[in-house]
Amino acid sequence: MKWTYQRDGGENYPVKFGDVWTVGNSAVLICGDIEQGHGDMLPDYLVWGPVSLLYCDPPWGAALARGFRTKSGVDGDSGKIVDFDIFLRRFALIAKLYYEVPTLVEMGLSWEDDMDAAFIHADAQVVSKRWRTTYYGSRPSSLHLYQWAGAPLLSDVPNFEGMDDGKTPALAVSSLCREGSMVVDLFTGRGLTAKEALGIGRGFGGLELSPYRASAALTTMAGITGATPKKIDEVT
């Protein structure tokens, strides 16, 4: 289960909330919070190459979003209530910073319409495509493609129908992230999308709320690149 953190590298690096880390010259990770504006800061650190794909797996619903915040310690013991509609709208606005870049988003079926509404609310028309997928081989889920109206539309999109979410990032990155460019994941987790990007020579930029999971992601990226993660900055 994703909640079970054992020997996954979360103890390897002294990541603190607000840290900015790099792995070699091709990957950067901010340990920060979408709701505190840290996602808006990520483009300033993406110097390896242009971004050509966003691939994200946000929390599915307010309860899970709150659970991630509690487990990460970002809100202390306050148990902050998450307004999930506002959370999704904030996410969509950050995605809009990469206006010409297609965005793929994993989501549970109960919240897929809410996510579509959030992207539509982001003051732009959105071309959306959905595929039915699975989560850990069993739970029904969906994968959405968002392209901003007025931006170049993809002419050749792979078919993700029926795939498990453990395999969709690899197909997305290999098909949609061109050589010499970067993938961005605003919910990096332990680094699955980063692994797929760096494994085929693409760059990676990420945001992760939890210091523990950020360390695990850095461990994943170090294993792929052979580079030692380094803290380069702090954001507030």
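Residues numbered from 1 in each chain as written. Predicted model: local features only at pLDDT ≥ 70, side-chain atom pairs only at ≥ 80, totals over all residues. Heavy atoms only, no water.

Draft legend 1. Layout of the packing of aromatic side chains. Tallied over the full model, the rule gives ten aromatic pairs. Aromatic side chains Phe87 and Phe187 sit 6.0 Å apart centroid to centroid with 45° between the ring planes, which places their arrangement in the tilted category. Taken together, the residues Phe87 in helix 3 (residues 84–96) and Phe187 in the loop between strand 7 (182–185) and helix 6 (192–199) connect sequence positions 100 residues apart. Relative accessible area serves as the criterion here: at 6%, Phe87 is assigned to the buried category. Residue classification places Phe187 among the buried residues on the basis of a relative accessible area of 15%. Arranged with centres 5.3 Å apart and planes meeting at 80°, the rings of Phe91 and Phe187 form a pair that is edge-to-face. Of the two residues, Phe91 sits in helix 3 while Phe187 sits in the loop between strand 7 and helix 6, which places them 96 residues apart along the sequence. An identical accessibility class is assigned to Phe91 and Phe187; each is buried. Grouped by ring-pair contacts, the aromatic residues Phe84, Phe87, Phe91, Phe119, Tyr146, Trp148 and Phe187 constitute a single cluster. (Phe/Tyr/Trp six-rings, centres within 6.5 Å; stacked < 30°, edge-to-face > 60°. Helix = DSSP H or I, 4+ residues; strand = E, 2+ residues; numbered from the N terminus. Buried < 20%, exposed > 50% of the residue type's maximum accessible area, 1.4 Å probe, protein only.)

Draft legend 2. Inspection of the nonpolar core at higher detail. Counting 39 residues, the largest nonpolar core has Phe119 and Leu186 as the members making the most contacts within it. Among the elements that line this core, the one with the most residues is helix 3, at seven residues. If we skip the residues at most four places from it in the chain, Phe119 touches Phe91, Ala92, Ala95, Thr103, Val105, Ala124, Val126, Tyr146 and Trp148. Ranked by size, the runner-up nonpolar core spans 14 residues in total, among them Tyr55, Phe160, Ala172 and Val183. (Core = buried A, V, L, I, M, F, W, Y, C linked by side-chain atoms within 4.5 Å. Contact = heavy atoms within 4.5 Å.)

Draft legend 3. Up close: the environment of Ser175. Take Ser175: it is sitting in helix 5 (residues 168–176). Of the residues examined, Ser175 reaches a relative accessible area of 38% and is grouped as partly exposed. Separated by 78 residues in the primary sequence, Ser175 and Leu97 have C-alpha atoms spaced 22 Å apart. A distance of 2.8 Å separates a polar side-chain atom of Ser175 from the backbone oxygen of Leu171. (Polar contact = N/O pair within 3.5 Å; in protein donor to acceptor, adjacent residues only side chain to side chain.)

Draft legend 4. Structural context of unusual backbone geometry. Look at Tyr136: it is not a glycine, yet its phi comes out positive at around 55°. Assignment of secondary structure puts Tyr136 in the loop between strand 5 (126–135) and strand 6 (139–148).

Draft legend 5. Highlighting the side chain of Asp165. Residue position: Asp165 is located in the loop between strand 6 and helix 5. On the basis of relative accessible area, Asp165 is assigned to the buried category, the value being 7%. Within the structure, the side chain of Asp165 is placed 3.4 Å from the backbone nitrogen of Tyr136, a separation counted as a polar contact.

Draft legend 6. Molecular detail of the sheet that holds strand 6. Strand order in the open sheet formed by nine strands is 5-6-4-3-7-8-2-1-9, and the pairing between neighbours is mixed. Each of the sheet's edge strands pairs with one partner strand only, and the pair in question is strand 5 and strand 9 (229–234). On average, adjacent strands in this sheet sit at an angle of 20° to one another, irrespective of strand direction. Of the strands in this sheet, strand 3 (51–56), strand 4 (103–108) and strand 6 touch helix 3, which is tilted by about 165° from strand 4. Lying over the sheet, helix 6 contacts strand 2 (27–31), strand 3, strand 7 and strand 8 (203–208), oriented at roughly 170° with respect to strand 8. (Pairing = 2+ DSSP bridges. Axes fitted to C-alpha atoms, helices over the stretch in contact; angles between N-to-C directions.)

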